[in-house]
Amino acid sequence: MSIDRLEHAVAQELRAAFLVTKAVIPAMIAGDYGRLVYLSVAHSRLPQDKRIVEGTAKAALDQFVRYLAQELAPHGIPANLVAPGNVAGVDAGREAWTDDELWVLGTANTPARLVLPGDVARTVEFFASDDCVITTGHYAPVNAGLAVR
């Protein structure tokens, strides 16, 4: 790993979050309504081999969102993070895995089953819904129990 690679990853992660957030916040405050939901990763808090760059960049995003949650709470605008673990069907830049390899990867690292895309979508849906009124600043791991190991 080089410092340039790490700096680039952190800068890109924060730049994307910052620019989108800055673009939508004024209208949310003016309209007295909004929900912010960001995607992190499980290894922003649970280090995994060969994930230091992405994990560090997402950890910076995690902290950014906690500050947003604090600053936007008086406006009633929640900001939360959804942090998937290993998701079936997502190759994360690797060669495509077979179904058997995905099952082994998922079940070797979690006490339950592999995370499905719909599991992640339902968590995002909650944070974006009107049911999410007071829940803010949360990091929601969607990882079938990876965090309990």
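Before reading further, recall that the structure is shown in the block above.
Residues numbered from 1 in each chain as written. Predicted model: local features only at pLDDT ≥ 70, side-chain atom pairs only at ≥ 80, totals over all residues. Heavy atoms only, no water.

## Concerning the overall build of the protein
This is how it is decided: Per the convention used, a helix needs a DSSP run of H or I reaching at least four residues, while a strand needs a run of E reaching at least two, with both numbered from the N terminus. Burial classes: relative accessible area under 20% of the type maximum marks a residue as buried, over 50% as exposed, and values in between as partly exposed (1.4 Å probe, protein chains only). Whether two residues are in contact is decided by their heavy atoms, any of which lying within 4.5 Å being enough. A 1.4 Å probe and the Shrake-Rupley method give the accessible areas. Residues count as covered only by the protein chains that appear here.
Within the protein one finds four helices and three strands. Start at the N end of the protein and walk to the C end: the helices and strands fall as α-β-α-β-α-α-β. Within the protein, the fraction of its 149 residues that count as buried is 37%. Looking at the protein alone, contacts between residues at least 24 apart form 73% of all its contacts between residues at least 6 apart. Accessible surface, the protein: about 8,900 Å² in total, of which carbon and sulfur atoms supply 59%.

## So, the packing of aromatic side chains
The line we're drawing: Within 6.5 Å between ring centres, the rings of Phe, Tyr and Trp (the latter by its six-membered ring) count as paired, and their orientation is classed by plane angle as stacked under 30 degrees, edge-to-face over 60, tilted in between. In this analysis the charged atom, NZ for Lys or CZ for Arg, is taken to sit over a ring once it is within 6 Å of the ring centre and within 35 degrees of the ring normal.
A full pass over the atoms with the stated rule returns one aromatic pair. Seen from their ring centres, phenylalanine 126 and phenylalanine 127 are 5.4 Å apart, and the 55° between their planes marks the pair as tilted. Note on phenylalanine 126: relative accessible area 35%, which makes it partly exposed. On the basis of relative accessibility, which here comes to 5%, the residue phenylalanine 127 falls in the buried class. Against the face of tyrosine 139 rests arginine 45, its NZ or CZ located 3.8 Å from the ring centre.

## Description of the sheet that holds strand β2 (residues 79-84)
To keep it simple, the criterion reads: Pairing between strands is defined by DSSP: at least two bridges between them are needed. To obtain each axis, a line is fitted to C-alpha atoms, and for helices this fit is confined to the stretch in contact; angles are then taken between N-to-C directions over 0 to 180 degrees.
One open sheet accounts for three strands, arranged β1-β2-β3; its pairing is parallel. Each edge of the open sheet is held by one strand with a lone partner, namely β1 (36-39) and β3 (139-142). Neighbour-to-neighbour, the strand axes of the sheet open up by a mean angle of 25°, direction not taken into account. Relative to β2, helix α4 (residues 117-128) is tilted by about 175°, and along the sheet it contacts β1, β2 and β3.

Note that all results are geometric; they support no functional claim without further evidence.
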